[in-house]
Amino acid sequence: MHELGIVFYIIRDVKEVARENNVDKVKTVVMDIGEVSTIIPDYLTDCWRWAADKEDLLRGCELKINTTPAMTYCEDCGNEYSTAQHGKKCPHCGSDRTYLLRGNEVEIKEIIV
Amino acid sequence: MDEVKVIEIKKSVFESNEKDADNLRKELKDKGIFLLNLMSSPGSGKTTTLIRTINLLKDKLRIAVMEADIDSDVDAIKIKDATGIQSIQLHTGGMCHLDAEMTRQGLDALELEGVDLAILENVGNLICPAEFDTGNSKNAMILSVPEGEDKPLKYPLMFSICDVVLINKMDVMPYFDFNLEKCTEYVHMRNPKAKVIPICAKTGEGVDKFAQWLLDEIENWK
């Protein structure tokens, strides 16, 4: 259900870009999705197929997903480390004064028309 | 051969909703309406907590409620019957959350003249509602004792965006392995600024503290 909501947003944005560029058929939509964005790529592509095929502009259009790695920054020792591997606690110094640098994005990178 | 062209977009899918939400927040501020977005998992006691809170505040504030669910109108009727205030039901048509546009539609259906506090009871879910800004002034969420103290670890985003976390069903604590101290620590790990208030919506214990929190927040926001 969560992924379906995201799909509706993607469709809304792609339709707008298509209108601005006078495009009547989109072949591929490329997404950058962070490792810790809570989006499940398989669900997203399933929802995409169902919803996109209802739109003339997007019938048969492929949704391509690039997964971007999540990185966390430690304020105490200044190191960066993989969020998916180590979570909130810094593996270098044990501090939990850390914050996510990137890896929770859900971005439309580009469309191929 | 067809000509292939790449159009770069590089735009977060949440961006358009965030813009809508900021606009709505501004409009509500101009009208003097404080919007509280209340979230939790299903069955944690959102509606019961609201009834208690509204009954404590309805002489001080003019309140209106929007109940969001996938289906049925039991919650809106329950609120109206138990408090006498204006309450409407929003149906999300299968969607697991409300966004700013849906919230705006709900507000448009309310009689807002003189209203100081609008409360949005979001769809019961700890994941999606946290990702979609509704244009609210403050976010509140309820975690009930039977759900377990570890939820801030499992649903980090929800707890990181909440201004207040109500720990509900304190009366059943003896029957569950729930460590309030640990839970508070986990909440603060996600969001050091979140206020944690233990309550029991059934008996009313602690609900006055939440009502006071709301009054203070509205006062500060004005």
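Preceding block: the structure.
Owing to the predicted nature of the structure, the values given are computational and were not obtained by experimental measurement. (Residues numbered from 1 in each chain as written. Chains lettered and ligands numbered in written order. Predicted model: local features only at pLDDT ≥ 70, side-chain atom pairs only at ≥ 80, totals over all residues. Heavy atoms only, no water.)

### Some thoughts on the overall build of chain A
Scanning chain A for helices and strands turns up three helices and six strands. Its helices and strands taken in sequence order, chain A reads α-β-α-β-β-β-α-β-β from the N to the C terminus. Projected onto its principal axes, the C-alpha positions of chain A cover 55 × 25 × 15 Å. Within chain A, contacts between residues separated by at least 24 positions form 68% of all contacts whose residues are at least 6 apart in sequence. When the accessible surface of chain A is summed, it comes to about 5,800 Å², and 48% of that surface belongs to carbon and sulfur atoms. On chain A, the mean spot of the 14 positive side-chain charges and the mean spot of the 20 negative ones are 3 Å from each other. (Helix = DSSP H or I, 4+ residues; strand = E, 2+ residues; numbered from the N terminus. Contact = heavy atoms within 4.5 Å. Areas by Shrake-Rupley, 256 points an atom, 1.4 Å probe, with all protein chains shown as cover. Lys, Arg positive; Asp, Glu negative; His and termini not counted. Charge placed at Lys NZ, Arg CZ, Asp CG, Glu CD.)

### Topic: the packing of aromatic side chains
Scanning all chains against the criterion turns up five aromatic pairs over all chains. With 5.5 Å between their ring centres and 50° between their planes, A:Tyr73 and A:Tyr99 make a pair best called tilted. Of this pair, A:Tyr73 sits in strand S3 (residues 71–74) while A:Tyr99 sits in strand S5 (residues 98–102), and the two are 26 residues apart along the sequence. We classify A:Tyr73 as partly exposed; its relative accessible area is 25%. For A:Tyr99, a relative accessible area of 40% corresponds to the partly exposed category. On the numbers, 5.4 Å between centres and 85° between planes, the contact of B:Phe34 with B:Trp221 is edge-to-face. Of this pair, B:Phe34 sits in strand S2 (residues 34–40) while B:Trp221 sits in helix H8 (residues 207–221), and the two are 187 residues apart along the sequence. On the accessibility criterion, B:Trp221 (18% relative accessible area) is buried. One aromatic cluster is present, built from ring pairs that chain together A:Tyr9, B:Phe14 and B:Phe132. Residue placement shows B:Lys29 over the ring face of B:Trp221; its charged tip is 4.8 Å from the ring centre. (Phe/Tyr/Trp six-rings, centres within 6.5 Å; stacked < 30°, edge-to-face > 60°. Buried < 20%, exposed > 50% of the residue type's maximum accessible area, 1.4 Å probe, protein only. Lys NZ or Arg CZ within 6 Å of the ring centre and 35° of its normal.)

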